[in-house]
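# What the coordinates show
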Amino acid sequence: METATSQDQVLTRAAQVIQSASALLIGASNGLSIAEGYNIFADNALFQEQFGEFRTQYGFRSVLQGCFFEYPDPQERRRFFEHLVQLWITDYTPGPVMQALRSLVGSREHFIVTSNADRHLQKAGFAEENVFEIEGNFETMMNHTSAENRTMELARFINRHSDSNLVFLELGVGSGNPFIKEPFMNLCATLPNSFYLSFNLPQEIFLPHSIADRSLAVTGDLAQTLRALNALCPA
């Protein structure tokens, strides 16, 4: 893993890597949504404000628990999901974090693999065909439908850029994530012209020796990091 002596140097190096990229393969997980203020794990003020009725009635303490709660009947399950979809998808307006990400990507060719179920990426302007929701979204959960599998689009994207300067952009993915982080790192190891950028809190950073000379960890608040990179990376 590349090292730098200050946060400014780390950000400058990350900006150089992004600007030199032929394409960006982005992995986004809960850390990105949490940076926006949408935390599926938390019994926080937003959850209590938006889901207080369900919290009181059923006792669960997070959106995630609500999604997998055993409701007394299908109508109650659907009522929860309709409420969730209305508040977190239909009424959602992209905030500074998602706006900064969209601006950073700009016109650069990209593909996004995400485990987030909130569809905020699409609402922020990322094309549907460029987003692979590997675990579906709240709408598919509500309707018991399968997530659209974009494996072929992902494979074509990788093949198109396998010999060029493909940059992996990992945003808020947990250190042990087996669905995005592990396959992304393994793929990077097989592509000698690629580079891996990991954006996360310090305790969630993990980069293996196999890509030590082609990786960089950017630690800290994701919202601040994206804002700083926008200033350094004209689209």
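In the annotation of an unreviewed UniProt entry, the entry for the protein chain reads Deacetylase sirtuin-type domain-containing protein, and the organism field reads Candidatus Desulfovibrio intestinipullorum.

With that settled, consider empty space enclosed by the protein. If you walk through the whole model with that rule in mind, you get one cavity of 30 Å³ or more. Lining the largest cavity, in full, are N39, A42, N44, L46, F47, F51, V63 and W88. The element best represented in the lining of the largest cavity is helix α3 (residues 45–58), accounting for three residues.

To continue, consider the sheet that holds strand β4 (residues 166–171). One open sheet accounts for six strands, arranged β3-β2-β1-β4-β5-β6; its pairing is parallel. Of all the strands in the sheet, just β3 (131–133) and β6 (215–219) have a single pairing partner and so form its edges. Sheet twist, expressed as the average angle between the axes of neighbouring strands with direction ignored, equals 15 degrees. Judged from the five bridges that link them, strand β1 (residues 23–28) and strand β2 (residues 110–114) form a sheet pairing that is parallel. What sits directly across from A28, in β2, is T114.

A word on the pattern of salt bridges. Inspection of the entire model under this criterion finds 13 salt bridges. Between R79 and E53 there is a salt bridge, and its shortest N-O distance comes to 3.0 Å. In this pair, R79 is assigned in helix α5 (residues 74–90) and E53 in helix α3, connecting sequence segments 26 residues apart. According to the relative accessible area criterion, R79 is partly exposed, its value standing at 26%. The salt bridge partner of R78 is E82, with a shortest N-O separation of 3.1 Å. With a gap of four residues between them, R78 and E82 both fall in helix α5, about one helical turn apart. Taken together, the shared-partner salt bridges in this structure form one network comprising R119, E128, E133, E139, E148, R150 and E153.

Analysis parameters
- Residues numbered from 1 in each chain as written.
- Predicted model: local features only at pLDDT ≥ 70, side-chain atom pairs only at ≥ 80, totals over all residues.
- Heavy atoms only, no water.
- 1 Å grid on protein atoms, 1.4 Å probe; cavity = no way out; pocket = protein on both sides within 12 Å on 5 of 7 lines; lining within 4 Å.
- Points joined across faces, edges and corners; volume = space filled by probe spheres on them.
- Helix = DSSP H or I, 4+ residues; strand = E, 2+ residues; numbered from the N terminus.
- Pairing = 2+ DSSP bridges.
- Axes fitted to C-alpha atoms, helices over the stretch in contact; angles between N-to-C directions.
- Salt bridge = Lys/Arg side-chain N within 4 Å of Asp/Glu carboxyl O.
- Buried < 20%, exposed > 50% of the residue type's maximum accessible area, 1.4 Å probe, protein only.

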